[in-house]
Amino acid sequence: MIASFAPCCATGGKVVNVRSFEITAVRAALVIILAAASYHLRPFHLSSLESAILGLVLGILLVGCEIRLQKVSIARLVGAAIGFTTGILAALMMSHLLGMTAI
């Protein structure tokens with residue numbers, strides 16, 4: 001991928017990874033959009049400022065999870081997804097069973 005590296009005059013001719021800048025810009029845009037949407041929608045009937053802070057914190061947490069998931073092997077990721085799905089289905093079945101019993 002030739003376009004991922006480009007010389008930059010501001011760094012004294014050193015090669016700068018443009019792709020990492022693009023990923024950082026997309027992540028920052030995601031956090032800002034999530035904060036703005038939370039500010040506008042005001043979840044949990046919070047004030048506008050509290051909603052924006054909630055959106056900002058959730059956006060940062062999402063980016064943090066995405067960064068950690070990049071370091072996980074695909075086998076471990078598939079195993080986690082299968083375990084998660086199995087746990088949700090087990091909880092659903094148990095909830096259905098407890099809902100049918102008379103206490």
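Residues numbered from 1 in each chain as written. Predicted model: local features only at pLDDT ≥ 70, side-chain atom pairs only at ≥ 80, totals over all residues. Heavy atoms only, no water.

### Some details on the overall build of the protein chain
Filter applied, for reference: Starting at the N terminus, helices and strands are each numbered in turn, a helix being any DSSP run of H or I of at least four residues and a strand any DSSP run of E of at least two. Three exposure classes are used, based on accessible area relative to the maximum for each residue type with a 1.4 Å probe and protein chains only: buried under 20%, partly exposed in between, and exposed over 50%. In what follows, residue pairs with any heavy atoms lying within 4.5 Å of each other are defined as contacts. For every accessible area listed, the method is Shrake-Rupley and the probe measures 1.4 Å; residues are considered covered only by the protein chains on display.
Scanning the protein chain for helices and strands turns up three helices and two strands. Along the protein chain, from the amino end to the carboxyl end, the secondary structure elements read β-β-α-α-α. With 103 residues in all, the protein chain has 10% of them scored as buried. Once local pairs closer than 6 in sequence are excluded, the contacts in the protein chain between residues at least 24 apart make up 26%. Of the roughly 8600 Å² of accessible surface on the protein chain, 76% is carried by carbon and sulfur atoms.

### Thoughts on the packing of helix 1 (residues 18-41) against helix 2 (residues 48-70)
Operational definition: Axis angles are defined between N-to-C directions and span 0 to 180 degrees, where every axis is a line fitted to C-alpha atoms and, for a helix, only to the segment in contact. Oblique is the label for every angle not falling under 35 degrees (roughly parallel), over 145 degrees (roughly antiparallel), or within 65 to 115 degrees (roughly perpendicular). Each crossing is labelled by how the near helix is turned from the far one, with a counterclockwise turn of less than a right angle marking it left-handed and a clockwise turn marking it right-handed. In the scheme used here, Gly and all other residues not listed as nonpolar or charged are polar, with Ala, Val, Leu, Ile, Met, Phe, Trp, Tyr, Cys and Pro taken as nonpolar and Asp, Glu, Lys and Arg as charged.
Look at helix 1 against helix 2: their axes get within 7 Å of each other, and the N-to-C directions meet at 150°. Classified by the angle between their axes, helix 1 and helix 2 sit roughly antiparallel to one another. Between helix 1 and helix 2 lies a crossing whose hand is right-handed. Split by residue class, the contact of helix 1 with helix 2 holds 13 nonpolar, six polar and two charged.

### Considering helix 1
Stated precisely, the cut-off is as follows: Here a helix's expected span is defined as the number of its residues, less one, multiplied by 1.5 Å.
For helix 1, which comprises 24 residues, the first-to-last C-alpha distance of 34 Å matches the rise-based estimate of 34 Å (1.5 Å per residue) to within 8%. Along helix 1, the residues that are buried comprise R27, V31, A35 and S38. For helix 1, the elements touching its buried residues are helix 2. Just downstream of helix 1 lies R42, where phi reads positive at about 50°.

### Digging into the side chain of S38
Structurally, the position occupied by S38 is in helix 1. Those residues in contact with S38 that sit more than four places away from it in its chain are P43, S51, A52, L54 and G55.

### Section: the pattern of salt bridges
Here is the rule we go by: We count a salt bridge whenever a side-chain nitrogen from Lys or Arg sits within 4 Å of a carboxyl oxygen from Asp or Glu.
Counted under the stated rule, the structure contains one salt bridge. The residue R27 makes a salt bridge to E66 at a minimum N-O spacing of 2.9 Å. Note that R27 is positioned in helix 1 and E66 in helix 2, a separation of 39 residues in sequence.

### Points about unusual backbone geometry
Of note in this structure, F44 is not a glycine but carries a positive phi near 60°. Within the chain, H45 stands out as a residue other than glycine whose phi angle is a positive 55°. Tracing the backbone shows H45 in the loop between helix 1 and helix 2. Look at H45 and you get exposed, because its relative accessible area is 78%.

### So, the side chain of R27
Given the relative accessible area of 18%, R27 is considered buried. With near-sequence residues (within four places) excluded, R27 lies in contact with V63, E66, I67 and Q70.

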